[in-house]
Every structure is written in C-alpha cells, then in structure tokens.
Amino acid sequence: MGKQGSHKSPRPEFQGANSVVMGVKDYKIASSDPPSWKRMTGGVDCRWHSKTLLLHGLKSDSSKCNSCRGLYVGKKHIRAIAVLFGLLGCLFLLDSLIISFFEFTNLQPSTALNNSGVFQGRDSYIYNKQLPVYMYGRLLNLASSALAEKEFKQESSNLWVEPFRRASSWKPCAEKKVETNQGKPVKNNGYILVSANGGLNQQRVAICNAVGVASLLNATLVIPKFLYSNVWKDPSQFGDIYQEEYFMNFLKDDISIEKELPPQMKSLDVEAIGSQITDADLAKEATPADYIKIVLPLLLRNGVVHFLGFGNRLGFDPLPSDIQRLRCKCNFHALKFVPKIQQVGSLLIQRIRKYGARRSMLDTQLLGKFIHNKENHEANRGPMKYLALHLRFEIDMVAYSLCEFGGGEDERKELQAYRERHFPLFLERLKKNSTPISPLDLRKLGRCPLTPEEAALVLAGLGFKRETYIYLAGSHIYGGNSRMGPFTRLYPNVITKESLLTHNELAPFRNFSSQLAALDFIACASADVFAMTDSGSQLSSLVSGFRTYYGGDHAPTLRPNKTRLAAILRENGTIRWNRFEVRVKKMILEGQKAGIRSYGRSIYRNPRCPECMCKHH
C-alpha cells in the first residue's frame, strides 16, 4: 500500500466510481429488504466506500477538506450512475411495452372480441409464428385501400338479400300429404340395416337415402348406425345427434322404422348369409332399377340386407316423385338435432347476434324451443348481421388437390409428405397417369381450393365492409396464421364457436367432431349470408339447400365459380380495382339465380322442385 498523500496513490474520485460499478454488477440481493440507503445505491454500502475514500484522500495538511471532497465526488458519481441505470430501465420497459402491443394487435383476429381468445386451441392458427403468405399482394393492397374508403359510407343493403325476388315464390311443402301417395304399404319385405360412413353431413345424406330405399323396397328401416372413422374419430351414434322419437313419428305414415332388429334376427350373421351390400356391389348414385335387381332378391330371400358404408348410393333422377318427396321430408323436417345441440346452438347464435331478437323460419327449424331463450335486454342495437364462411382449406383438401399455394419449396415438401403418409393409393394412380396436369393448369381449371386470401378478395370485391362479422366454420386452416393473416388484414372480426363459447359450454362436445360440426351447421344455416368456397363440400351443399328451403329471399348464398375466379386473379398485376369488383359481382350473381332444380342434381342442395317445394304465383 502506497504512502498516504503520495503521487502513486489512486485518485479518490476514480476509486469511488470503480467501487460503485463493481458493486452494482456483483452484489447479491439478500432475502430481507435492505435499508433505504442501500436500495438507493444498488446495494452498495456507501458508508464503507466513504471510509475508503477518506483513507485514500488524506493529506497531511488538509485531511478534513480532502475527505469532504472525496465524499462529495463519490456521491456525485453514484447519483449519475443511478440516473443512467434508471433511464436504461425505462427504455427497456418502453421497448417491451411497444413490442407487446404490436404482438397483441397482430394476434387478435377480432377487434370486438379481445377477451374471447378467438381461435384458441390445439389447431388454432393464432399461435402459428410463420410469416404471412401472399399470392396476390397488389390486389390485397387495393382491397385494403377500397375498404378504408368505404369505412364511413353506407353499405349496400343488396348484399344481405337474395338478388332474385323469384326465390320468395318457392315455399316449403315436402311435409304435406299428397293425394296420390298411398302411404305405407301393408306388405313388408324385410329389414334394412345401414352403416353410414363419413362425417355429420355424409351421414345425413345416407339417412335420407336409406329412407327412400326403404320406401322403394317396402322394407322396415332400422335406425342407421354410424361407422367409426379414423379420420373423424367420433363414436357418436344417431341418438347422440338427432332426436330418434321425433324422426320415427314424423315418418311413421310413410315407412316403418324400428330402433333395432327383432330378437329372432339379432343373431344372424348378415355377411355370412350374403346379405351385406358394399360399394363394390352397388354403383354410385344407383337407380331404382339397380335396387330392384340387386337388393330386392336378397331382401326377399333372407329378410334383411345390410348396407355397409352407405352414402351416395341412390341417384336423384330418374326417381319416382313420392320417393323424391320423402327424401326432402326426411332432410328438411324429420331430422332434428338433440336438445343438447339445439341449446348450445341457440346460445351460439345469440352471442353472434349480440342477443338480438331475430327469429326466422330457419332459426325455428334448427333450434326448436330453444329459440325462446331469455334475451339480454341490455343489447339495444337490435340483431347484428353476420356472414358465415365455410373455408375448405384443410390440409387433406390442399394436399389432395395437387395445387400450389405460394408457399414455395417448403410447402411442396410438406404436402408431398402428407400425400405419401395419407394417400398412398392416390399416388400410385398418379404414377400410372402418363399425362399429369401441372399445378398452374389445375388452377386454371378451377380445381384448387380457395385460399383464405382469395376468399377475402371475393368478399371485398362484393362490397362487404371491413367491420363485417364473419363466422368461420371449422378452424383447421392449413398454414395457420401464415394463411389467415391476409384474410384478417381485410376482415379482422373473425369469430368461431371456440371464441364465442366457454370451455365448459364446449366440454360436452369435445372429442365428438360430428356434434361440433352440428354447431357449425346451425351457425352457417342461420347466417344472414352464407359463403362457400367449395361447391362439392357436403356441409356447403346441405346448408345452402336448407337456406333455400326455409330462407325465402332473406338467405343469400355466395358460390364463387373457381374457374372464372382463377381467370380474374391471373390479372393480379394489371387489373384495376373497380374492374375487379364488376367481374366478381357478376360471377357471384350468376351463381345466385333462383332456378328450378335441373335433372340429376341434388335435391338436398337445390330443393326448388315440385317434389320438395311449392311455387306460389
């Protein structure tokens, strides 16, 4: 140690500063709160440092003065460093708040439902951190500008009604008795068992086709069973989704329906006696002649036939008018959801509409007595309009299409791996095809599922305002947030059953995909406007048919023509927005024409025909 006061001794002010800095970095905070003087200096004992400063700063002739100067300089540096650390802390805090704000904003697809946790769950796209994928960046920017301009303008009321008033001239009447209908036959040829595959909507079609076949063959229908699927993974049976007693009573004058086979027939091995009918035995959309030739002999011989995997196995034309009417009666009247589904469906609709009092024939048919639930009288705005969108952009649809969606090499590898894992037979057939179609040509032909971005552009082109509430049926969107980002950029008010219903309200439906699909069916069918992106979808077909049957001229359905839309979108780089709007509106309008059902088309999708509906002049 150097001699006090010598030139080799370190200067007191630098020694004090170094001591303070080292104290801040190395000091461990004790479990008990330090005294106030210790908290002010980051835990450094200033009294100890004051003594050090005084020892190093003593001079023989002016020790008192130098000790005061050392103490003053040490305190000055302590204050400066404390202020510096305080400013740095404030900057870090401000930076964190700004980042959190923007992350929160980006993760909220619905500005009106900040506390609802929209799209939460295992398959939710809200947690996907990928960057958005844009296929039509220029058009998206034009759409965004157009929506901003329309923010304070009056929205066209034509968006929310059927454009063709002739739609209101068709009224439901499939349930009415017809004089020519002789009713249930006296003779019974046996029992029909049905094991329906697929999901909710495929099974619904199978049920009504089975009703028609039972009538055609003068047979008794046993309440259909639903096959368990590794895809849907839902053990639900008929009585878990539909009201069995209501179904049987409503159709009792047309066909005989039993809950199960009589005791003497339960032990029969239907397959062993040759009475099991598979898809290989019966052509798709078979005619009545096919059933009489192939099925009736087995029924008469064994007293029972079992349709395994029964779905679209009954064509629409040619078919006797009474059988056609019976299928309509089944689909639009006899199949009522069980009270559990109706009650939660009613709650879902009330929350979408902000507890508004809108009650239509659609609501009555779908919700039954639960439409009269007590309403929230605090909501004075009246019923809120909403658009329901069935966005068929699940990974199985995307992979099976063989199209490309702007995701580059990573997307191609991911979809090919999915095909190899789930569609090996499909890939084998592709290898045998010597002339494969390119993804570009597939898009031109309208064979590619619409992306969320394309769906948003169609809605913007039609003139729906940015604040439109959009109910999204299903939430398993391929690509997650990278795909939904462009959609919510234009339409942030996206809602789902998961965002509107609590965990406890949804709990009874967990692990029952068909029952969850029933809630989507209710929300889509009750919507002011329903938009589909794939006309081949069973849900879209059944919902649009239900709206046609009960909706009159107040239940418009939007059906994009994918071939025409692809041609419009190919002009992404040059087309003006006003021209885009004109072409999109024309495309949708032509798909909304209220024409009568054409030959061979589904009565479930378009029931405007004498067998299902009555035209009033």
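What counts and what doesn't
Residues numbered from 1 in each chain as written. Predicted model: local features only at pLDDT ≥ 70, side-chain atom pairs only at ≥ 80, totals over all residues. Heavy atoms only, no water. Disulfide = S-S within 2.5 Å. Helix = DSSP H or I, 4+ residues; strand = E, 2+ residues; numbered from the N terminus. Buried < 20%, exposed > 50% of the residue type's maximum accessible area, 1.4 Å probe, protein only. Expected span 1.5 Å × (residues − 1). Pairing = 2+ DSSP bridges. Polar contact = N/O pair within 3.5 Å; in protein donor to acceptor, adjacent residues only side chain to side chain. Contact = heavy atoms within 4.5 Å. Phe/Tyr/Trp six-rings, centres within 6.5 Å; stacked < 30°, edge-to-face > 60°.

Regarding the state of the cysteines
Scanning the entire structure with this criterion turns up four disulfides. Disulfide pairing is shown between Cys-208 and Cys-330; the S-S distance is 2.5 Å. Disulfide Cys-208 to Cys-330: torsion about the S-S bond roughly -80 degrees, handedness left-handed. With Cys-208 in helix H6 (residues 200-216) and Cys-330 in helix H10 (residues 321-334), this residue pair connects regions lying 122 residues apart in the sequence. On the basis of relative accessibility, which here comes to 0%, the residue Cys-330 falls in the buried class. For Cys-328, the disulfide goes to Cys-612, at an S-S distance of 1.6 Å. Judged by the sign of its S-S torsion, about 40 degrees, the bond between Cys-328 and Cys-612 is right-handed. Highlighted residues: Cys-328 in helix H10 and Cys-612 in the loop between helix H24 (577-590) and strand S13 (613-615), separated in sequence by 284 residues. The exposure class assigned to Cys-328 is buried, which follows from its relative accessible area of 0%. Judged by relative accessible area, which is 0%, Cys-612 ranks as buried.

Some details on helix H21 (residues 513-526)
Compared with the 20 Å implied by 1.5 Å per residue over 14 residues, the 20 Å span of H21 between its first and last C-alpha is a close match. Buried residues dominate H21, accounting for 11 of its 14 residues. Restricting attention to buried positions, one finds in H21 the residues Ser-514, Gln-515, Ala-518, Leu-519, Asp-520, Phe-521, Ile-522, Ala-523, Cys-524, Ala-525 and Ser-526.

Considering the sheet that holds strand S9 (residues 470-473)
Paired through their backbone hydrogen bonds, the strands of a sheet run either parallel or antiparallel. Strand order across the open sheet formed by five strands is S10-S9-S8-S11-S12, with parallel pairing between neighbours. Each edge of the open sheet carries a strand with a single partner, namely strand S10 (494-495) and strand S12 (557-558).

Here's the deal with the side chain of Arg-605
Within the element layout of this structure, Arg-605 appears in the loop between H24 and S13. There is a polar contact of 3.1 Å between the side chain of Arg-605 and the backbone oxygen of Ser-535. Residues within four places of Arg-605 in sequence aside, it is in contact with Ser-535, Ser-541, Ser-544, Gly-545, Thr-548 and Arg-559.

Digging into the packing of aromatic side chains
Under the counting rule described, the total for this entry stands at 23 aromatic pairs. On the basis of an interplanar angle of 25 degrees and a centroid distance of 5.7 Å, the ring pair of Tyr-246 and Phe-250 is categorised as stacked. Pair noted here: Tyr-246 and Phe-250 are both in helix H8 (residues 244-250), with a separation of four residues, about one helical turn. On the basis of relative accessibility, which here comes to 31%, the residue Tyr-246 falls in the partly exposed class. The class of Phe-250 is partly exposed, set by a relative accessible area of 24%. Between the aromatic rings of Phe-316 and Tyr-604, the centroid separation amounts to 5.7 Å while the plane-to-plane angle is 80 degrees, which identifies the pairing as edge-to-face. Taken together, the positions of Phe-316 in the loop between strand S7 (304-310) and H10 and Tyr-604 in the loop between H24 and S13 put the pair 288 residues apart, joining distant regions of the chain. Here Phe-316 matches Tyr-604 in class, with each residue buried. An aromatic cluster is built from Phe-226, Phe-238, Tyr-242, Phe-247, Phe-332, Phe-337, Phe-521, Phe-546, Tyr-549 and Tyr-550, whose rings are joined through pairwise contacts.

So far we have only geometry, and geometry alone does not tell us how the molecule works.
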